Amino acid sequence: MRNMPVAKKIALAAPFVLSFSLLAGCWPGNGGESKPDIGDDIVVSGFSQAYQDFETAVDIEFSRAVMEELARLGDDPATGFRTAGSPAERAAADVVERAMREAGLANVTRETAHVDGWVFTGAAITWQDRKGAQQSVRLGGYPVNLVVQDEVFLLVDLGDGTEAAYAEADVAGKLVLIDVDPAVWELRYPVYQAKLKGAKAVLACISSEGVDGETLRSADLRGPSDAPVFAVSADAAAALRSEIRHAEKRELPVIFSANSVVTGGAPTENIWGEIPGRGDGVIYVLCNYDGFYHSVFENAAGLSASLGIAKALHDSEFLPNKTLRFVAHGAGAWGAANTLFSRGAGAWKQISELHPEWAASAFAALHIGGAFPLANETRFGAGVADEISPFIVRNAEQLLGNSMYSFSWYGAETLSGLMTEELPWLLGGVPTVAAKTEETGKFYKLFHNSSADSVEAAGFDDDAYRFNHLLYGKLILDLDGALIRPLDFDVALQALSASLADTPFPEVALTGALLNAVNTASALAEGIEKMNLEYMAASEAVKPGMEAMAFGLNLELFHINKEIKDAFLRLAPDGTLYFPHVAAGENVLVLRQAREELNGQGTEAAEIAEAARTAAETLKGLESSRYADAFAPAVCDYFAGLGSAGTWAEGRTSGPPCRADDVIRGLKQKIAGGEPDLGEETEAVELLLVREEVALNEILAEERAQVQLIEVHMKQVLEDYLSVYQEEANG
């Protein structure tokens, strides 16, 4: 949710950059010697023999060949696009299957799921400039339905595409050119506004500082497939605007072609293979292979790194304790029409329909969705689920220390960006880690979802590519070495407790229940760590008995993790994860402020107008009303009602949205008309406030009940499995 307090973050309170001098002199097993840079073909002293053998076996030439073959595939030869259910996606599945076999994976399997499919074979516009020369440009795609071939349309410039831009414009049957800054408007709003005004299609220029003027860029649409929109570059948009300004009636005749088709029930394939383990449990390595444009760095590089890791583990003859299962999802970039939750459809189908039993057996899942080895990129990161973050960060630091790379950790709230592959797994109770580049780094700023996501535009760094192989390969080995899922539930519970500080009326009983639960979770985490350490030191004769006991314990830990996710994670319309009480708490604060502003309006006309203006701006702080005065009511109503049914987010979104659209519009009208009576709007705000306060109290009471149930479960697990280890840990 926008402008949400920092305290509501679910895991680590904020990203942090590791200090790479921190571990100098304490590198495990090397007597305090300084560590060499990671990235060259070296074996790091003090690491396990399994890691050293893996590192020696890493072959990035194999990985890069897979990446390049995937990136060449596209239904539109000019711009790419291997999208859900398309011929290019099926060709990519063939590449993935062959690469899995070449990597030495066993039991390679292709499974079909049905999603909303999208095939984009290209779009272009042609026009005659003022000098009589013919100009033509390619357009980028969005998952929408529109097929036209060399038809003539009038193109109209509508600026930012808000409702006000249409005051004197007739766009029925015409093309609309808009310029959208994603930091100001979500693209879906002006696109749907154009649909309601009767436009044939929208040409959208996504503005971003530093992006090359010829780059085509597509934003996350998350809207209806029957509101056509296509991407136009900044240079082309500027040229078209110049021609429109000099055209008769400011309408430029253009020849337009597009072939973009969305269909329901399209087949997509998930492909997986594995290195069988000798015992129970599975470590999953995930990535999707579809993508917008050629999608080199986000998907092709990520998937190829995953398979490169698989090959190195196989070639080093590593025999894992747990099965290592490598899964390539289709329909990851997009796979569901007419919903806010359009991404990750293939992953959701895999974990909910094709193999729902996988969640309980999953020790952890690593989503290597992007290796991001752009030229000269040294800033990387990962999103880590709360419960596994202490283990992952601690083990990753061993490799990161003294390397040339800075690394940021992000909590569950910012897991790898908006609504990506790992979220269906995370919400299903699987501890997840997701590869990222730094949020402020070059990739998201300049190359994401664009025609510049290519080696030609961004360059390529072999050392960074290898670094990603080594880091996630090491984490796989570390996880495989643990007997018990290394989960620490007090991370999320403490974050939940901290978030109550910003709640208008925190419940004392909930605070007390959380304190008790945090103490129990800490004891449970200590017992898990102690047992894992004892297992590593145990003789081969002792280990079988510990392993037999571990099966039941790991299953109980899965259930606790799932209970926490079900009880305390909700999804905002923009995909942000938040605690249940946070949205209602923020709404209460906004409504209280608006009520105060309206009640203190004064008696002079200027004072009343200022109160109305201030209150209207305050009310736009409600998530569901932030665009109320920018777009038509029908636009705002449509997206307020656009839910999550049939997606992985179903049941995870909050209740009915708190909307003050009518109040905001009423206040604006009274400002314009000089109306002195704001009583109707004041009463409406009061009613909304009462509703949200009641909802907040109910949510807090439910959270308290859930915390108490989870604590009982943790105590039972501690008593049944780990009390002896926890007692020893406490001396």
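Here the structure is a predicted model, which means the values were calculated and not measured. (Residues numbered from 1 in each chain as written. Predicted model: local features only at pLDDT ≥ 70, side-chain atom pairs only at ≥ 80, totals over all residues. Heavy atoms only, no water.)

Next up on the list: the side chain of histidine 469. Inspection of the secondary structure assignment puts histidine 469 in helix H13 (residues 462-481). Aside from chain neighbours lying at most four places away, what touches histidine 469 is Phe54, Val58, Ile60, Ser63, Ser304, Ala305, Gly308 and Ile309. (Helix = DSSP H or I, 4+ residues; strand = E, 2+ residues; numbered from the N terminus. Contact = heavy atoms within 4.5 Å.)

Attention now goes to the packing of aromatic side chains. One pass over the full model with this rule turns up 34 aromatic pairs. Relative to phenylalanine 631, the ring of tyrosine 189 lies with its centre 5.6 Å away and its plane at 40°, an arrangement referred to as tilted. A residue pair is termed long-range when its members are at least 10 positions apart, and tyrosine 189 in helix H4 (residues 188-196) and phenylalanine 631 in the loop between helix H18 (605-619) and helix H19 (633-640) qualify at 442 residues. Overall, tyrosine 189 belongs to the buried group, its relative accessible area being 11%. On the accessibility criterion, phenylalanine 631 (0% relative accessible area) is buried. (Phe/Tyr/Trp six-rings, centres within 6.5 Å; stacked < 30°, edge-to-face > 60°. Buried < 20%, exposed > 50% of the residue type's maximum accessible area, 1.4 Å probe, protein only.)

Let us look at the nonpolar core. Side chains that are nonpolar tend, in soluble globular proteins, to be buried together. Leu187, Phe230, Phe256 and Tyr472 are the most contacted members of the largest nonpolar core, which totals 222 residues. When residues no more than four places from it in sequence are discounted, the contact partners of tyrosine 472 are Ile309, Leu366, Ile368, Gly381, Ala382, Phe407, Val433, Ala435 and Lys436. Ala359, Ala362, Trp425 and Phe558 belong to the second largest nonpolar core, which has 14 residues in total. (Core = buried A, V, L, I, M, F, W, Y, C linked by side-chain atoms within 4.5 Å.)

So, about the environment of aspartate 179. Considering the arrangement of structural elements, one finds aspartate 179 in strand S4 (residues 175-180). Aspartate 179 sits 28 residues away from serine 207 along the chain, and the two C-alpha atoms are 6.7 Å apart. Residues in contact with aspartate 179, not counting those within four places in the same chain, are Gly159, Asp160, Cys205, Ser207 and Arg241.

Mean pLDDT over the chain: 88, with 91% of residues reaching 70 or higher. For residues 1-45, every residue scores under 50 in pLDDT, and the model assigns this stretch 123 contacts once sequence neighbours within four places are set aside. Overall, residues 413-419 carries pLDDT values under 50, and its contacts beyond four positions in sequence, including any with other chains, amount to 35 contacts. (pLDDT = per-residue confidence, 0-100.)

Attention now goes to the pairing of strand S12 (residues 406-410). Among the five residues that make up S12, five are buried, leaving the element largely enclosed by the rest of the structure. Here S12 shows no split at all, with Ser406, Ser408 and Tyr410 on one side and Phe407 and Trp409 on the other all buried. As paired elements, strand S11 (residues 379-384) and S12 share five bridges and run parallel to each other. From the neighbouring strand, glycine 383 faces S12, where its bridge partner is tyrosine 410. Between the parallel pair S11 and S12, the chain is carried across by helix H9 (residues 389-400), and the sense of this crossover is right-handed. (Pairing = 2+ DSSP bridges. Right-handed = clockwise from strand over helix to strand, strands pointing away.)

A cluster of acidic residues, Glu675, Asp677, Glu680 and Glu683, forms a negative patch on the protein surface. Checked against the element boundaries, glutamate 683 lands in helix H21 (residues 679-729). (Patch = residues over 30% accessible without salt bridge, like charges linked within 9 Å, V, L, I, M, F, W, Y side chains within 5 Å. Areas by Shrake-Rupley, 256 points an atom, 1.4 Å probe, with all protein chains shown as cover. Salt bridge = Lys/Arg side-chain N within 4 Å of Asp/Glu carboxyl O. Lys, Arg positive; Asp, Glu negative; His and termini not counted. Charge placed at Lys NZ, Arg CZ, Asp CG, Glu CD.)

This paragraph deals with H19. Three or more residues of H19 are buried, namely Val635, Cys636 and Phe639. Viewed end-on, H19 has its buried residues packed into an arc of 95°, placing them on one side of the element. Buried residues along H19 sit in contact with H4 and helix H20 (661-673). (Arc of directions from axis to C-beta.)

Right, let's get into the state of the cysteines. Scanning all chains against the criterion turns up zero disulfides. Cysteine cysteine 658 is unpaired, with the sulfur of cysteine 636 as its nearest cysteine sulfur at 14 Å. (Disulfide = S-S within 2.5 Å.)

Bringing unusual backbone geometry into the picture now. Here asparagine 107, not a glycine, exhibits a phi torsion of approximately 55°, which is positive. The residue asparagine 107 is located in strand S1 (residues 106-128) in this model. Given the relative accessible area of 45%, asparagine 107 is considered partly exposed. Positive phi, close to 55°, is recorded for arginine 250, a residue that is not glycine. If you trace the backbone, arginine 250 turns up in the loop between helix H5 (234-246) and strand S7 (252-275).

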